[in-house]
Amino acid sequence: MTIEFASSARSSLGVEWELALVDTDSGDLRQVAQTVLDAVAPADGSQHPAIRQELLLNTVEVVSGVCARVPDAMADLAAGTALVREVTDPLRVELMSAGTHPFAHWGNQKVTDKARYATLIDRTQWWGRQMLIYGVHVHVGIEDRDKVLPILNALLAYYPHLLALSASSPFWDGRDTGYASNRALLFQQLPTAGLPFTTIGSWADLEHYVGDMLHTGVIDDFDEIRWDLRPSPKFGTLEMRICDGISNALELGAVAALTHCLVEYLSRLIDAGERLPSISPWFLAENKWRSARYGLEAIVILDEAGTEELVTDHLLRLLGLLAPVAADLGCVSELDGIREIIATGGSYQRQRAVAAGNGGALDAVVAHLVAEFRAGRPLPPG
């Protein structure tokens, strides 16, 4: 089994933002993705390069081009979102992003008519139908294939930081789950989803793993490996898939900048011959659970000695470490958005506050998420 890794510029960047399509009046999901996709499709009938279909007909994905800087990627996403709005506004459909829709029922959602999605649902059954979830993916270019897996394994040390910052799925099917990110635990129920295997330390190991998965029929192609953090050979990138859907541009830019800076920082450590951070798989699994459960209030495990710290305290120290990298990558302002998330609270906290202030009414939570998306920044509850 040979897996080619495409050539890409070092620390090039791409961002993918999954958006829910919600009814302006009720806040419930609308199954109009195909209407949007047909309206924006080029004259030759191909898929629009910046607006893509997803598993469910209540979802579209807006993607950036290949960019050098976070501000450029965010500008691409703004342009793509504006194009979607030209279609959805007349339909009385709003755009929303969060890890889950607060009250929509998974059984009412329609699956996109595409063979790969039908195969997924047929194989995974009840768990596959449960995938009423939304996420953010950030691709960062790696110029040397031999760096990909060392950086991937080191970046896992920062998994809880990324999930805690983006956690936005406290509600599921009309109920408070008690988790900051219910999405993170739902998604890992799919075959090949969840944390990657840290025992895969070389490209040859990855090729062996993929060969085994193809031979035994677990997957039909590489993209069906749905790890939270995975190589993307066709793009020549490392793809960060940890985050819940993010409700506004400011927080999305902050998370994209943190991801961008971390990958470049780890790449520089390799260049300097320094040791990369590493945490045992059992600590990684515990960190994922803690950040999904407690979000920004999680106490996370930092090293093999079991050192623990409140995730927000460690994030603030991490920002100081990454400041020179952010300056080089042109994302100082965007990275500083992490401080605002920490100061004002995460989406899961705002959603709960809105629900509490409206007698538990979750349509008010949807309205707040819609308002944040339009505003491009977090809004105070109430």
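Scroll up to find the structure.
So, here's what we can say about the structure.

The rules behind the values
Residues numbered from 1 in each chain as written. Predicted model: local features only at pLDDT ≥ 70, side-chain atom pairs only at ≥ 80, totals over all residues. Heavy atoms only, no water. 1 Å grid on protein atoms, 1.4 Å probe; cavity = no way out; pocket = protein on both sides within 12 Å on 5 of 7 lines; lining within 4 Å. Points joined across faces, edges and corners; volume = space filled by probe spheres on them. Helix = DSSP H or I, 4+ residues; strand = E, 2+ residues; numbered from the N terminus. Nonpolar A, V, L, I, M, F, W, Y, C, P; charged D, E, K, R; others polar. Core = buried A, V, L, I, M, F, W, Y, C linked by side-chain atoms within 4.5 Å. Buried < 20%, exposed > 50% of the residue type's maximum accessible area, 1.4 Å probe, protein only. Contact = heavy atoms within 4.5 Å. Axes fitted to C-alpha atoms, helices over the stretch in contact; angles between N-to-C directions. Parallel < 35°, antiparallel > 145°, perpendicular 65-115°, else oblique. Left-handed = near helix turned anticlockwise from the far one by under 90°. Phe/Tyr/Trp six-rings, centres within 6.5 Å; stacked < 30°, edge-to-face > 60°. Lys NZ or Arg CZ within 6 Å of the ring centre and 35° of its normal. Disulfide = S-S within 2.5 Å. Pairing = 2+ DSSP bridges.

1. A short note on empty space enclosed by the protein
So, step 1. By the definition in use, this model includes 1 cavity of 30 Å³ or more.
So, step 2. As a volume, the largest cavity reaches approximately 50 Å³.
So, step 3. Forming the walls of the largest cavity are Leu165, Ser166, Ser168, Gly245, Ile246, Ser247, Glu251, Val255 and Ser347.
So, step 4. The set of elements that each furnish at least two residues to the lining of the largest cavity consists of helix 5 (159-166) and helix 8 (249-271).
So, step 5. When grouped by side-chain class, the residues that make up the lining of the largest cavity number 3 nonpolar, 5 polar and 1 charged.

2. Focus: the nonpolar core
So, step 1. Within the largest apolar cluster, 97 residues are counted, with the highest numbers of intra-cluster contacts made by Leu206, Leu258 and Leu335.
So, step 2. Of all the elements, helix 8 adds the most residues to this core, at 12 residues.
So, step 3. For Leu258, the contacting residues outside a window of four places in its chain are Leu162, Leu165, Leu315, Leu318, Leu322, Leu335 and Ile338.
So, step 4. Residues Ala104, Tyr134, Trp172 and Val365 belong to the second largest nonpolar core, which totals 30 residues.

3. Brief notes about helix 5
So, step 1. Within helix 5, 8 of the 8 residues are buried, which leaves it mostly tucked inside the rest of the structure.
So, step 2. For helix 5, every residue scored as buried is listed here: Tyr159, Pro160, His161, Leu162, Leu163, Ala164, Leu165 and Ser166.

4. Comments concerning the layout of surface pockets
So, step 1. Roughly 1,100 Å³ of internal volume is contained in the largest pocket.
So, step 2. Considering the residues around the largest pocket, the lining is formed by 45 residues, among which Glu54, Arg116, Tyr117, Asp223 and Arg226 are closest to the centre.
So, step 3. Elements with a contribution of two residues or more to the lining of the largest pocket: strand 1 (13-23), strand 2 (51-53), strand 3 (59-63), helix 3 (115-129), strand 5 (135-141), helix 6 (182-187), strand 10 (229-232) and strand 11 (237-244).
So, step 4. The leading source of residues in the lining of the largest pocket is helix 3, at 6 residues.
So, step 5. The space that makes up the second largest pocket amounts to roughly 240 Å³.
So, step 6. Every residue lining the second largest pocket is counted, 16 residues in all, and those nearest its centre are Gly14, Ser64, Val66, His139 and Phe235.
So, step 7. Where the lining of the second largest pocket is concerned, the elements lending two or more residues are strand 1 and strand 5.
So, step 8. Among the elements that take part in the lining of the second largest pocket, strand 1 stands out by supplying 4 residues, more than any other.
So, step 9. Residues belonging to the lining of the second largest pocket are distributed by class as follows: 6 nonpolar, 8 polar and 2 charged.

5. Description of the packing of helix 2 (residues 70-88) against helix 8
So, step 1. It is the contact of helix 2 with helix 8, at a shortest axis distance of 10 Å, that shows an interaxial angle of 140°. Between helix 2 and helix 8, the crossing angle belongs to the class labelled oblique. As for the relative orientation of helix 2 and helix 8, their crossing is right-handed in sense. Mapping the contact onto sequence places Val70, Met74 and Leu77 in helix 2 and Ala249, Leu252, Gly253, Ala256, Ala257 and His260 in helix 8.
So, step 2. Each residue belonging to the contact of helix 2 with helix 8 can be placed in one class, and the counts come to 7 nonpolar, 2 polar and no charged.

6. Considering the side chain of Ser232
So, step 1. One can find Ser232 in strand 10.
So, step 2. Its relative accessible area of 4% is what places Ser232 among the buried residues.
So, step 3. Among all residues touching Ser232, those that are not within four sequence positions of it are Phe5, His139, Thr237 and Glu239.

7. What to know about the packing of aromatic side chains
So, step 1. As enumerated under the stated definition, the model contains 9 aromatic pairs in all.
So, step 2. An aromatic cluster of at least three residues, connected via ring pairs, comprises Trp106, Trp126 and Trp127.
So, step 3. Lying over the aromatic face of Tyr179, Arg293 brings its terminal NZ or CZ to 6.0 Å of the ring centre.

8. Brief notes about the state of the cysteines
So, step 1. Taken as a whole and judged by the stated rule, the model has 0 disulfides.
So, step 2. Free of any disulfide, Cys243 has its nearest neighbouring cysteine sulfur in Cys261, separated by 14 Å.
So, step 3. Given a relative accessible area of 0%, Cys243 falls into the buried group.
So, step 4. Residue Cys261 stays outside any disulfide, its sulfur separated by 3.5 Å from that of Cys331, the closest cysteine.

9. Some details on the pairing of strand 1
So, step 1. Counting buried positions along strand 1 gives 11 out of 11 residues, so the element sits mostly inside the fold.
So, step 2. Side chains Leu13, Val15, Trp17, Leu19, Leu21 and Asp23 of strand 1 all project onto a buried face; the interleaved residues Gly14, Glu16, Glu18, Ala20 and Val22 project onto the opposite face, where all are buried too.
So, step 3. Pairing analysis gives 5 bridges linking strand 1 to strand 5, with the strands arranged antiparallel. Along strand 5, the bridge assignment pairs Glu16 with His137.
So, step 4. Two strands pair when backbone bridges link them, and strand 1 and strand 3 are joined in this way by 5 bridges, in the antiparallel orientation. By the bridge assignment for strand 3, Trp17 is matched with Val62.
So, step 5. Taken together, the 4 bridges between strand 1 and strand 4 (residues 93-96) define a ladder with antiparallel strand orientation. The partner of Ala20 across the bridge, within strand 4, is Met96.

The values reported here are purely geometric and, on their own, carry no functional implication.
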